Amino acid sequence: MKTYKAVIIDDERLAREEVKRALKKYPEFIVVGEANNVDAAIKLIANEDPDLLFLDIHMPEKSGFDLLEELTTVPEVVFTTAYDQYAVKAFELNALDYLVKPLREERFAKTIEKVKQELVEKAKVPQDVLPMHKKIFIKDGESCYFIPISDIYYIESMDNYARLYFGGKKAMIKRSLNLLEKKLDTTVFFRANRGQIINTHFIKEIHPHFNNKLHIILISGEKIEVSSRQSVKFKNWNSL
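- The name an unreviewed UniProt entry gives the protein is Response regulator, with Maribacter luteus as the organism.

Dropping the structure here:
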């Protein structure tokens, strides 16, 4: 039986115990640790590399959303909270699931099925590459997003940050373009030049330019000039 590591993060001990009791019916999920605050959770996640987080939203000092912002790689996440006013925001972020405490057995079972489906899909992709269906969390100022990789159509470098474009929106993330390139599926994402990566699924037009360079126009209207070296690579990459 395939097993998965779970971490429970909640400032209330009784709430953590409740999740552990609910998980006893699912031996494929092993609780490898628990934390009562964000700082402790970050250390725990770094040590255990869990597959799944049961994450409380409302905690003292830092929230569950703050935790996701600080993680380099985010496991699958199920939000848990006693405050149902966060539900709308969680679903706006396309959270994997959202549970209101106290937990209900039938609702918890549905969540576990959803989690298992997601983890099975994730296992089909090399671990060093983010699957296209994988959702990433972005906190840009007061705005929070939880978006599938496949929705990102354009990324531009901003020194040690990168600006991601998706669904008519844009947000900054504290990651270099080089780091993001290593994490993205290179059969879909293409490094057009030193400062830009494009999602080839969003290409509208390709035009030849001087010095054997290419100009690419995205469906969203952005015009990308591909460097000479990358233009050659792009032509070879798309040839039979």
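Once the structure has been displayed, the description carries forward.
1. Brief notes about the pattern of salt bridges
Part 1 of the argument: Counted according to the given criterion, the structure contains 15 salt bridges.
Part 2 of the argument: Residues E225 and K213 are paired through a salt bridge, measuring 3.3 Å at the closest nitrogen-oxygen approach. Linking E225 in strand β15 (residues 223-226) with K213 in the loop between β13 (203-208) and β14 (214-218), this pair joins segments that are 12 residues apart in sequence.
Part 3 of the argument: Judged by relative accessible area, which is 18%, K213 ranks as buried.
Part 4 of the argument: Three or more residues joined by partner-sharing salt bridges are found here, namely R16, E17, K20 and E34.

2. Some points on the sheet that holds β14
Part 1 of the argument: Ordered in space as β13-β14-β15, the three strands form an open sheet in which the pairing is antiparallel. The strands lining the two open edges of the sheet, one partner per strand, are β13 and β15. Shown here is a sheet whose adjacent strand axes are inclined to one another by a mean of 20°, direction ignored.
Part 2 of the argument: Looking at chain direction, β14 and β15 are connected through four bridges and run antiparallel. Following the sheet pairing, I217 is matched in β15 by K223.
Part 3 of the argument: Its contacts with the sheet place helix α7 (residues 228-237) against β13, β14 and β15, and it is angled at close to 70° to β14.

3. Comments concerning the UniProt feature "modified residue: 4-aspartylphosphate" (unreviewed entry) in the protein
Part 1 of the argument: In the numbering used here, UniProt assigns the "modified residue: 4-aspartylphosphate" (unreviewed entry) feature to D56.
Part 2 of the argument: Secondary-structure assignment places D56 in strand β3 (residues 52-56).
Part 3 of the argument: Non-local contacts of D56, meaning those with residues more than four positions away in its chain, are made with I9, D10, D11, G64, T80, T81 and K101.

4. Some details on the nonpolar core
Part 1 of the argument: Counting residues in each nonpolar core, the largest one holds 22 residues, and the members touching the most others are I9, L55, L67, L68 and F79.
Part 2 of the argument: At the level of elements, β1 (4-9), α2 (38-48), β3, α3 (64-70), β4 (76-81) and β7 (143-148) are the ones that each hand at least two residues to this core.
Part 3 of the argument: Of the residues forming this core, the biggest block, four residues, is contributed by α2.
Part 4 of the argument: Two domains each donate at least three residues to this core, and these are domain 1 (4-123) and domain 2 (135-238).
Part 5 of the argument: If we skip the residues at most four places from it in the chain, I9 touches A35, N37, A41, I45, L53, F54, L55, D56, M59 and L67.

5. Side note on the packing of aromatic side chains
Part 1 of the argument: If you walk through the whole model with that rule in mind, you get 11 aromatic pairs.
Part 2 of the argument: The interplanar angle of 35° and the centroid separation of 4.8 Å between the aromatic rings of Y154 and Y165 together place this pair among those described as tilted. One end of the pair, Y154, is in strand β8 (residues 152-158); the other, Y165, is in strand β9 (residues 161-166), with 11 residues separating them in the sequence. We note that Y154, like Y165, is buried.
Part 3 of the argument: Through pairs of rings, three or more aromatic residues link up here, namely F65, F79, F137 and F146.

6. A few points about the sheet that holds strand β2 (residues 29-35)
Part 1 of the argument: Strand order in the open sheet formed by five strands is β2-β1-β3-β4-β5, and the pairing between neighbours is parallel. Two strands lie at the open edges of the sheet, namely β2 and β5 (97-100), each paired on one side alone. Strand-to-strand twist of the sheet, defined as the mean angle between neighbouring strand axes without regard to direction, takes the value 20°.
Part 2 of the argument: Against the sheet, helix α1 (residues 13-23) makes contact with β1, β2 and β3, and its axis sits at roughly 175° relative to β2, the strand it touches most.
Part 3 of the argument: Helix α5 (residues 105-123) contacts β1, β2, β3, β4 and β5 of the sheet and is inclined by roughly 155° relative to β5.

Calculation notes
- Residues numbered from 1 in each chain as written.
- Predicted model: local features only at pLDDT ≥ 70, side-chain atom pairs only at ≥ 80, totals over all residues.
- Heavy atoms only, no water.
- Salt bridge = Lys/Arg side-chain N within 4 Å of Asp/Glu carboxyl O.
- Helix = DSSP H or I, 4+ residues; strand = E, 2+ residues; numbered from the N terminus.
- Buried < 20%, exposed > 50% of the residue type's maximum accessible area, 1.4 Å probe, protein only.
- Pairing = 2+ DSSP bridges.
- Axes fitted to C-alpha atoms, helices over the stretch in contact; angles between N-to-C directions.
- Contact = heavy atoms within 4.5 Å.
- UniProt positions renumbered as here; feature names shortened; annotations may be inferred.
- Core = buried A, V, L, I, M, F, W, Y, C linked by side-chain atoms within 4.5 Å.
- Domains from an automatic or database assignment.
- Phe/Tyr/Trp six-rings, centres within 6.5 Å; stacked < 30°, edge-to-face > 60°.

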